[in-house]
Amino acid sequence: MAAFRAVLRHIHINANNCFAPPSSLGATWQFLIPAKPSRTVKSRAGLDNYKLVVNKDERLECVDQIGSGSATTIAAIVTSVGGPPAAVGIVRLSGPAAVSIAGRGFRPTRKTWRPTSHVVEYGVVLDSEGNVIDEVLAVPMLAPRSYTREDVVELQCHGSEVCLRRVLRKCLEAGATLAQPGEFTLRAFLNGRLDLSQAENVARLIAAKSVAAADAALAGIQAYGGFSSLVGSLRSRCIELLTEIEARLDFDDEMPPLDLNLIMDKINNMSRDVESALETANYDKLLQSGLQIAIVGRPNVGKSSLLNAWSKSERAIVTEIAGTTRDVIEAGISVSGIPINLLDTAGIRDTDDIVEKIGVERSEAVARGADLIIMTVSAVEGWTSEDTKLLERIQSAKGSTGSSTPVILVVNKIDCKPCAETEWDKGCHSHNIFSKHVFTCAVTGQGLEELERAVLQIVGIPAGGRRWTVNQRQCEQLVRTKEALARLQSSIKDELPLDFWTIDLRDAALSLGQISGEDISEEVLSNIFGKFCIGK
Amino acid sequence: MATAPLTLHLCRLGRNLCKTLFLTSSPVPRNPCGVSFRRRFRRRICFSSSSSFSRRFSASRELNCELGEVDEKYDVIVVGGGHAGCEAALASARLGARTLLLTLNIDRIAWQPCNPAVGGPAKSQLVHEVDALGGEIGKIADRCYLQKRVLNVSRGPAVRALRAQTDKREYALRMKNVVERQVHIHNIIPFLFTPNLSIREAMVTDILLGKNDNVEGVCTYFGMNFYAPSVILTTGTFMSGKIWVGRTSMPAGRAGESASHGLTENLQRLGFETDRLKTGTPARVDIRTVNFSGLEPQHGDEEVCPFKPISRFIRFNFGSNQAYGLYSLKMYTSIYVISLSKLYVNSFKGCLKGPGSLLLGELCLPAIMYLHNWQVGWFSFDPEVHIEREQMCCYLTRTTSTTHQIIRENLHETPTYGGWVEAKGPRYCPSIEDKIVRFQDKESHQIFLEPEGRNVPELYVQGFSTGLPERLQLPLLRTLPGLENCSMLRPAYAVEYDYLPAHQCARSLMTKKIQGLFFSGQINGTTGYEEAAAQGMISGINAARHADSKPLIVLERESSYMGTLIDDLVTKDLREPYRMLTSRSEHRLLLRSDNADSRLTPLGREIGLIDDRRWKLYQDKQARISEEKKRLKSVRISGGDLAAEVTHLSNQPVKDFSTLESLLKKPHIQYEILDKHGFGDKSLSRMEKECVEIDIKYEGFILRQQSHLQQVVTQQHRLLPEDLDYYAMTTLSLEAREKLSKVRPQTIGQASRVGGVSPADITALLIVLEAKRRKAQEQRRYKIMNAIRATTQDEVPEVSLTEKVNSG
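Along every chain, residues carry numbers that run from 1 in the direction the sequence is written. Each chain gets a letter, beginning with A, and each ligand a number, beginning with 1, in the order they are written. Totals for whole chains, interfaces and linings use every residue, but because this is a predicted model, local features are given only for residues with pLDDT of at least 70 and side-chain atom pairs only at 80 or more, for both listing and counting. By convention in this description, side-chain values take in all heavy atoms of the structure and omit both hydrogens and water.

Participant: How should I be thinking about the overall build of chain A in this particular structure?
Facilitator: Counting from the N terminus, the helices are DSSP H or I runs at least four residues long and the strands are E runs at least two residues long. Looking only at helices and strands, chain A has 16 helices and 15 strands in total. Think of it in three bands: with a 1.4 Å probe and only protein chains considered, a residue is buried below 20% of the maximum accessible area for its type, exposed above 50%, and partly exposed in between. Here chain A holds 536 residues, and the buried ones make up 55% of them. Contacts are residue-level and defined by heavy atoms, with any inter-residue pair within 4.5 Å sufficient. Taking the intrachain contacts of chain A between residues at least 6 apart in sequence as the baseline, contacts between residues at least 24 apart amount to 67%. Looking at chain A as shown, the accessible area adds up to about 23000 Å², and 54% of this sits on carbon and sulfur atoms. Per-residue accessibility takes into account occlusion by the displayed protein chains alone, with areas from the Shrake-Rupley method and a 1.4 Å probe.

Participant: Any chance you could explain the domain arrangement of chain A here in plain terms?
Facilitator: Accessible area lost upon the coming together of the parts is a frequently used measure of interface size. Residue and element names in this part refer to chain A. Domain start and stop points were drawn from an automatic or database domain assignment. In terms of domains, chain A is made up of domain 1 (74-179), domain 2 (227-283 + 471-516) and domain 3 (298-459). Listed per partner, the contact involves nine residues of domain 1 and nine residues of domain 2. Taken over both partners, the interface formed by domain 1 and domain 2 buries close to 740 Å², and the fraction arising from carbon and sulfur atoms is 51%. Here, a salt bridge means any Lys or Arg side-chain nitrogen found within 4 Å of an Asp or Glu carboxyl oxygen. Linking domain 1 with domain 2 are zero salt bridges. In protein, a polar contact requires one atom able to donate a hydrogen and another able to accept it; more generally it is a pair of N or O atoms within 3.5 Å, and residues adjacent in sequence count only if both atoms are side-chain atoms. At the junction of domain 1 with domain 2, the criterion picks out two residue pairs in polar contact (both at pLDDT 80 or more). For the side of domain 1 that touches domain 2, the secondary structure elements donating two or more residues are helix 3 (161-173) and strand 9 (177-178). Considering each element in turn, the side of domain 1 that touches domain 2 owes the most residues, five residues, to helix 3. Grouping the amino acids of the side of domain 1 that touches domain 2 by side-chain chemistry returns four nonpolar, two polar and three charged. By buried area we mean the combined loss of accessible area, with a 1.4 Å probe, across both parts when two parts are placed together. Three categories are distinguished: nonpolar for Ala, Val, Leu, Ile, Met, Phe, Trp, Tyr, Cys and Pro, charged for Asp, Glu, Lys and Arg, and polar for the others, with Gly belonging to the last.

Participant: In this structure, what is going on with the sheet that holds strand 9 of chain A? I would like to understand it.
Facilitator: Pairing between the strands of a sheet comes from backbone hydrogen bonds, and it takes one of two forms, parallel or antiparallel. Residues and elements named next belong to chain A. A pair of strands is labelled paired if DSSP reports no fewer than 2 bridges between them. Read from one edge to the other, the open sheet built from seven strands follows the order 5-6-7-8-4-3-9, with strand pairing classed as mixed. The sheet is open, and its two edges are formed by strand 5 (106-108) and strand 9, each paired on a single side. Relative to strand 9, strand 3 (residues 74-77) runs parallel, the two sharing two bridges. Its bridge partner being in strand 9, A75 is matched across the sheet by L178. Note on geometry: axes are C-alpha line fits, over the in-contact stretch for helices, and angles between N-to-C directions span 0 to 180 degrees. Along the sheet, helix 2 (residues 98-105) makes contact with strand 4 (88-94), strand 5, strand 6 (121-126) and strand 8 (152-158), crossing strand 5 at roughly 75 degrees.

Participant: Please clarify how the side chain of B:R254 should be interpreted in this entry.
Facilitator: With respect to the helices and strands, the residue B:R254 is situated in the loop between strand 14 (248-251) and helix 9 (263-269). Those residues in contact with B:R254 that sit more than four places away from it in its chain are B:R108, B:W111, B:P113, B:T237, B:F238, B:I243 and B:Y493.

Participant: Would you mind showing me how to read the environment of A:S229 here?
Facilitator: Residue and element names in this part refer to chain A. With respect to the helices and strands, S229 occurs in helix 6 (residues 228-250). Using a relative accessible area of 55% as the deciding quantity, one classes S229 as exposed. As a C-alpha pair, S229 and V524 span 295 residues in sequence and 20 Å in three-dimensional space.

Participant: How should the confidence of the model for chain B be read in this particular structure?
Facilitator: Predicted coordinates in areas of low pLDDT are best not read in detail. Residues and elements named next belong to chain B. On a scale of 0 to 100, pLDDT captures the predictor's confidence in every residue. For chain B, per-residue confidence averages 80 on the pLDDT scale, and residues scoring 70 or more make up 78% of the total. Note on residues 1-68: pLDDT is under 50 here. Beyond four places in sequence and across chains, it has 104 contacts. Counting interchain partners and residues more than four positions distant, the pLDDT-below-50 stretch residues 796-808 has 20 contacts. The ipTM for the predicted assembly is 0.77, set against a pTM of 0.75.

Participant: When you look at unusual backbone geometry in this model, what are you seeing that I'm missing?
Facilitator: Residues apart from glycine generally show negative phi values, whereas peptide bonds are mostly found in trans. Residues and elements named next belong to chain A. Geometrically, the link from A143 to P144 is a cis peptide bond, its omega value of 0 degrees lying close to zero. With respect to the helices and strands, the residue P144 is situated in the loop between strand 7 (132-141) and strand 8. We note that N300 has phi near 60 degrees; this positive angle belongs to a residue other than glycine. Tracing the backbone through its elements, the reader meets N300 in the loop between strand 10 (291-297) and helix 9 (303-311).

Participant: How should the environment of B:T414 be read in this particular structure?
Facilitator: Residue and element names in this part refer to chain B. Along the chain, T414 falls in the loop between helix 12 (401-409) and helix 13 (415-418). It is 35 Å that separates the C-alpha atoms of T414 and Y221, two residues lying 193 residues apart in sequence. Once residues lying within four places of it in the same chain are set aside, the contact partners of T414 are G419, W420, E433, G467 and L468. In this structure the side chain of T414 is engaged in a polar contact, spanning 2.7 Å, whose partner is the backbone oxygen of L411.

Participant: Whenever I open this one, helix 10 (residues 354-369) of chain A confuses me. Can you help?
Facilitator: Three or four residues apart is the spacing at which side chains of an α-helix point the same way, because the helix has 3.6 residues per turn. Residue count minus one, scaled by 1.5 Å, sets the expected span of a helix. Helix length check: helix 10 of chain A (16 residues) gives 23 Å between terminal C-alpha atoms against 22 Å at 1.5 Å per residue, within 8%. Regarding helix 10 of chain A, its N-cap is A:D353, as a side-chain oxygen of that residue lies 2.9 Å from the backbone nitrogen of A:V355 further along.

Participant: Even after reading the chapter, I still don't get a nonpolar patch on the surface, so can you show me in this structure?
Facilitator: A cluster of nonpolar side chains, contributed by A:V120, A:Y122 and A:L137, occupies part of the molecular surface with about 250 Å² of accessible area. The residue A:V120 is located in the loop between strand 5 and strand 6 in this model. Exposure above 30% relative accessible area and the lack of any salt bridge qualify a residue for a patch; like charges then connect within 9 Å, and the nonpolar side chains Val, Leu, Ile, Met, Phe, Trp and Tyr within 5 Å.

Participant: Would you mind showing me how to read the nonpolar core here?
Facilitator: Burial of nonpolar side chains together is a common tendency in soluble globular proteins. B:I77, B:Y171, B:V218, B:L233, B:L267, B:L517 and B:M562 are the most contacted members of the largest nonpolar core, which has 90 residues in total. It is helix 16 (residues 529-547) of chain B that contributes the most residues to this core, eight residues altogether. The term nonpolar core refers to a set of buried residues drawn from Ala, Val, Leu, Ile, Met, Phe, Trp, Tyr and Cys, joined through side-chain atoms within 4.5 Å. Within the second largest apolar cluster, 43 residues are counted, among which are A:L242, A:F251, A:A277 and A:L505.

Participant: Please clarify how the domain arrangement of chain B should be interpreted in this entry.
Facilitator: Splitting chain B by domain gives domain 1 (286-298 + 388-495), domain 2 (623-710) and domain 3 (734-787). For domain 2 of chain B and domain 3 of chain B, the distance between their C-alpha centres works out to 48 Å.

Participant: Before we go on, may I ask you to explain the sheet that holds strand 10 (residues 215-220) of chain B in this structure?
Facilitator: Residue and element names in this part refer to chain B. Pairing is antiparallel across the open sheet formed by three strands, whose spatial order is 9-10-11. Every interior strand has two partners, whereas the edge strands, strand 9 (204-209) and strand 11 (225-227), have only one. Each strand axis lies, on average, 25 degrees off the axis of its neighbour in the sheet, ignoring direction. Relative to strand 11, strand 10 runs antiparallel, the two being bridged by three bridges. Among the inter-strand pairings, C219 is bridged to a residue of strand 11, identified as N225.

Participant: Got a minute to help me understand the confidence of the model for chain A in this structure?
Facilitator: Predicted confidence across chain A gives a mean pLDDT of 74, with 71% of residues reaching 70 or more. pLDDT under 50 marks residues 1-48 of chain A. Its contacts with residues more than four places away, or in other chains, come to 124 contacts.

Participant: I would appreciate a short explanation of helix 16 of chain B in the present structure.
Facilitator: Here helix 16 of chain B is 19 residues long and its end C-alpha atoms lie 26 Å apart, about the 27 Å a rise of 1.5 Å per residue gives. Phi for B:S549, located one or two positions after helix 16 of chain B, is positive at around 60 degrees.

Participant: I tried to follow the pattern of salt bridges on my own but got confused; where do I start?
Facilitator: As a working rule, side chains carrying opposite charge can pair if their charged atoms are close by. Under the criterion given, the structure shown has 71 salt bridges over all chains. A:R237 is the salt-bridge partner of A:D273, the closest N and O atoms lying 2.9 Å from each other. Taken together, the residues span a long stretch of sequence, with A:D273 in helix 7 (residues 260-280) and A:R237 in helix 6 at a distance of 36 residues. A:R237 sits in the partly exposed class, given a relative accessible area of 24%. B:E72 serves as the salt-bridge partner of B:R200, at 3.2 Å between the closest nitrogen and oxygen. Within this pair, whereas B:R200 is found in strand 8 (residues 197-201), its partner B:E72 is found in the loop between helix 4 (56-67) and strand 1 (76-79), the two being separated by 128 residues in sequence. Put simply, B:R507, B:E556, B:R557, B:D567, B:D568, B:K572, B:E586 and B:R753 are held in one network by salt bridges that share partners.

Laid out in structure tokens, this is it:
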């Protein structure tokens, strides 16, 4: 059922929709689907003549059926992400709880927020600790006067991706679900907002987007970095625990007793991992503070040209004279939304010039502190013995700090020696300390895109909007898992019976699924039969 | 005047009637629905002979009787008298349908060919649910138990499960009695019963079809035709059944019983897809040749009633039972020892004078009421069958290294490893050779020895099913401790049989191809008596309703384990015999044993299976429970013994003015604590207290699950039009188009559970549906507009207005 929730949560049922079953009469526990008056197709005539019995426990006090139960509230960044930052970005919420979810993060300048439809209000969004995330404009559009014909709240933030993502995360934490690709449009269509003629287009759009999302999800599982491996491992740990517990529940007297302490340890470890991932993971840090990339190399290989070309500026002075750059020069760029601080350094060589010597020392210091080093060589001169020496210097510097900063080899001035690529390809196998090598021409800008891709790949942020979505989705999965594990721990603390543990473990496993709505029952069962000797 | 047609019955069926008139034992339902229907029917018979009511067969029967002809026309025919067949036949007869039960052998009605046990995790929920709907399996199990145990006592109310070992012969006999004496009480003339369930030995070989692909009856091997608008097939393992011992096989449905031939071919001819499944049963040994002295006994739970003298339940019987040495005297004392060690050890130690001492019999043990875990549970919600019995003891033995050695040396002699039977058995019921091969590092496997009856020497060797040839079976058995000198009564065998993949049925269990034809039980690929009974119940109800032209009943997946079972069967691709497990239900916390009645009895009442007596019992029970919950909410305590004990047991402080409800929510606090301090309601039964306790203790979780459920059900239960052409939906994946065309789900929820249908497919399906709906609406509106234009102005506008509202 939980699986199903995930599949169908986006289908909001219009009260008057003819597919929706007629609402149950009063307090009765079943409803009658009126039989079609004529039975033309005799062979299947029985099918239209059913009385469906739904869950209704007379002992249970009636749950409010109309309330927030009817559909989920979705949230997403609806302006484009991944490109150069825009001035304004929008996070949209849609669904019956849109206003209350927005209200949990949004603080207007006035004390309380009483949303009036289609009236803009200025305020700030706060995170869970009460810190201001961003200044925003909140635009509530109440049903049915909105794009989806549900309650919609749009939070207009600053265009920076960091802001947008943090606001979105706040919404997810407050109870919204990350929108599936095309889900706003889907809801709009299902709620009768779009024209029938658009049905075909909607179908095609959503089909294409879901395929893309599925592809991306699969790719995300395989790609290293991000949360992929964590999500995968957490899920298998959940399933493993479920296997242990469910086996005891279904095959009571055939199993060795369960080591509860071990189970609790595992659960605690899991929730610790989730917490730390959400708090300190690479990804979040990257989004907030950006990457430091140091460009190093011998003098006059085109480091400064590279910085200028990449940052599309004339930040560094470029001359034919070796050793022009004496100090560290910084330039900010954004790659797929990640802020990057480029550091151009003085060419490293043995020198007697005092100023240049200081510059070289600084270069080495910068190289030590960078998240990523781009080592630049000249295609014209090829790999020289000085390059080897320089590499050793960087390596030794790295060795002393104990870190392992990835290094990208950039072969610059490729335009001057076009046939060099193949040579380098052959030669480069020996230099396996390089994570990547890229051929560029700083003057024409050739190879810069490739360089960006290499950077993204190495820092573990997959390139392109699709993969961004994957990461965002994984982030949501972790948020949900964190909630489920917190509930689980409170169940354990309250000494609830074993069966109750499975409820939240199931929730966690479901939210960690590769595709939403995955069925885990069969997986758990085959694990049980594979792992334990069951059967009397 | 009114009696005229009924006296005709009397002449015709005098023999049966005499029996039934003076019948006292079996409870006879007095159902409001069916009865009112019958009454109406009778009146119409009386006042107009050419009335055109729906039940034409009954009518023609009346007329034929007058002519003295024997024409075999019924409302419902049930083929097969197993656990599905009995429930189906009883349900249908109790709904007032004239029912015929055809079985190969009347002496084998409700036979338990494998383990004579009912219940267990998930299966017990099925039994409770069948009982809540007015079925029979729970009652029979309650009356024939040899031993009962509640499993998973401390693991949560949703997985708590009752299991009973039953007396195989007694079970079959009692069920046979109920089936034979099923009568319909006439409401107008109170002393007139109408036997409306007939039994007949016959082998059905063909289905008779009407013009519209509807069933008209069945044809038997000896050429008889029986007619009915509803036919239920519950063929079990009999359809082309073949049993195997070692390499030798024999056509048979069970050992010693002939298989049924010809039906499979005829069903295939009608376009049904069939396949084969395999299952098996272990050897039986003679109880008298087993030495139990060194084996670990497995006792049942005992009913322990507070404030009742022990003599109430110490009823040693040294008569016939001692012959088999199975009634363990120790059992009774061990209960006390355990209970006493928990509680008032010192105060009672002096009273215990050993197992033989009947001094105990005079004691009152108020402390016993804390022994939550040591009480006999009941399947049925009907207190009439709650009759305690002496329990028998099961024993536990283990395989030895010799066992493993013999099996390893003879693996080539087993069907699976020898390679002459391809069909794989169920994963949850592996043969002993499977266990030894797959779990090589396990040095020993548990084997349970379970008696099959009070008056039979057969002992079931649970966990020891094997495909080895008979000559090796006894040596193998003799490697087990305690069985060194045993003699074998029946060899273990495997059985292969035809089944019909259940995607060919709708969730009402009526086949999609042929109207009025129902399948139930192992024919749908399940295993287990409980699963069979659950399906039998549904198909019996629906067959009777179909014959009566009433809408069929579909239990939604979320409503019950029965619904889950059927939904899984008709929706998912099954590769092994299906057994119900608690992990198959997504919201099992809501589908508990204790609330099976509050979930399903109102439905049973509405259908007409719950008589007035039972309905009143039910309503009184619910009223008491809700009263008590209200009381616990309102009564507050401050300090005192109760608060002190609660603090002590739960390690949590008790605030002043705490309600009893809040105390009950604390860990380890059971209703009995309230009872002990005089805050409980003594008029409540143990089951009712349990309901109150569960409702209060787990309220938060239950409500959360309920609202989760609520979120999806409205969407999940959206109906899919039956005439959808999935192949034309190009936005669906190819696999989804294929699978959906095959399964033809009734609802969106069911569609989403079909294997190979992705969430994206469901989205696409929804878009198609919405587009379809709007097109239809456009057309309607267009027609109405035309109609308005055509007709005078002041007639139609209202309709068009509502249409506009709908379009929003």
